[in-house]
Amino acid sequence: MAEPFEFPVDRTAVMLFARSLGDINPVFWDPNDPATKAAGGIVTPPTFVQSSAHWDPNYALDLTRPRKGPAPAHRGDAGGGGLGRGLHAEQHYEYHHPIHPGDTLTVTTRPGERWEKQGKRGGKLLFSESITDYTNQDGVLCVTARSVGVQTEKAVEQ
Amino acid sequence: MTVKVGDTHEAVVVENIQRTHIVKYAGASGDFNPLHHDDTLAKSLAGYPSVFAHGMLSMGLTGRMLTDWLGATSLKKYGVRFTRQVWPGDTLTAKGEVTEIKDGLATIKLVTVNQNGESVVEGEAVAAI
């Protein structure tokens, strides 16, 4: 089980995330829009919690992040995508409570199931799951994410 | 939002996706896997023809179709399988169909296809209606 870390949610990060998805919905950036007021304030796109990667001290897919020590090794069993032969196979979210700018989420990840499958083109496929809870400063669980990563024995051919 | 079983919705969520789109998602999400921005490494490290988009970019774009259709705060569940890679130049269309309504919750079957009609993302969402 990875060490939990804090993910402060800020308005600029939400705006940039929405923008990267081509999303101009004011509910993700304009606090004065009627739609935002109706939503109880700025909310976050459905996949926004992915950007907690910026705050994950052990996040391995940011090789140029400035660090005091060496970069963490990529864990092949960590779910999600990976370098080289790793790919992100599935992603699932359950939404329990809205996330707003100003929230500080505690991110807690635990390993899930692991299984193997024979691939059609890439040899044996090794699947692994990780499950992440995003809990806000009031102790309210906001989002549960389940990520499935797959490692192939050789590069996937197109 | 009022929907009924059989209702469908679709939207072109990105047209002719550029490396710049992918890089912008990398910056926003924090996923700097070089397979998504470094053509040289994508070819040499893993034998891919070029960089390709993060699966999570396809999921995020598909999510935009959902929130535009059903509202930004209605989703209860959203899950996908990544079925095919998205390459620079691809155009993606996200499609949803209401398959069940029960206890105020609509189940939506999802598929996002490229310009050849091949699925890149398949999944399901549950939204409060």
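In case you missed it, the structure is sitting above this.
Computed from a predicted model, the values in this text were never measured in an experiment.

The rules we used
Residues numbered from 1 in each chain as written. Chains lettered and ligands numbered in written order. Predicted model: local features only at pLDDT ≥ 70, side-chain atom pairs only at ≥ 80, totals over all residues. Heavy atoms only, no water. Pairing = 2+ DSSP bridges. Helix = DSSP H or I, 4+ residues; strand = E, 2+ residues; numbered from the N terminus. Salt bridge = Lys/Arg side-chain N within 4 Å of Asp/Glu carboxyl O. Buried < 20%, exposed > 50% of the residue type's maximum accessible area, 1.4 Å probe, protein only. Contact = heavy atoms within 4.5 Å. Buried area = accessible area lost by both parts, 1.4 Å probe. Polar contact = N/O pair within 3.5 Å; in protein donor to acceptor, adjacent residues only side chain to side chain. Nonpolar A, V, L, I, M, F, W, Y, C, P; charged D, E, K, R; others polar. Arc of directions from axis to C-beta.

Quick look at the pairing of strand β3 (residues 104–118) of chain A
All names here are of chain A. Inspection of the sheet shows strand β1 (residues 5–8) paired to β3 by four bridges, in the antiparallel sense. Residue P8 lies in a different strand from β3, and its bridge partner there is T104. For β3 and strand β4 (residues 124–135), the ladder comprises 11 bridges, and the chain directions are antiparallel. For Q118, the partnering residue across the bridge sits in β4 and is K124.

Observations concerning the pattern of salt bridges
All names here are of chain A. This structure, assessed with the given rule, holds eight salt bridges over all chains. The partner of R65 in a salt bridge is D62, with the nearest N and O atoms 3.1 Å apart. Owing to a relative accessible area of 18%, R65 belongs among the buried residues under this scheme. Looking at D62, the relative accessible area reads 8%, which means it is buried.

Description of the interface of chain A and chain B
Listed by partner, the interface residues are 37 residues for chain A and 36 residues for chain B. Summing the contributions of chain A and of chain B, the shared interface buries around 3,000 Å²; its carbon and sulfur component is 61%. The interface formed by chain A and chain B holds zero salt bridges in total. Summed over the shared surface of chain A and chain B, the result is 10 residue pairs in polar contact (both at pLDDT 80 or more). Looking at the side of chain A that touches chain B, the elements that each hand over two or more residues are α1 (11–20) and β2 (86–95) of chain A. With nine residues, β2 of chain A is the single largest residue contributor to the side of chain A that touches chain B. A per-class count over the side of chain A that touches chain B returns 19 nonpolar, 13 polar and five charged. Examined bridge by bridge, β2 of chain A and strand β2 (residues 75–82) of chain B share five bridges and lie antiparallel to one another. For Y93 of chain A, the partnering residue across the bridge sits in β2 of chain B and is Y78 of chain B.

Here's the deal with α1 of chain A
Of all the positions in α1 of chain A, only V14, F17, A18 and S20 of chain A are classed as buried. End-on view of α1 of chain A: buried residues confined to an arc of 160°, all on one side of the axis. Those residues of α1 of chain A that are buried lie in contact with α1 (19–29) and α3 (55–70) of chain B. One side-chain oxygen at the N-terminal end of α1 of chain A lies 3.0 Å from the backbone nitrogen of T12 of chain A; it belongs to D10 of chain A. Phi turns positive one or two residues past the end of α1 of chain A, at G22 of chain A, with a value near 70°.

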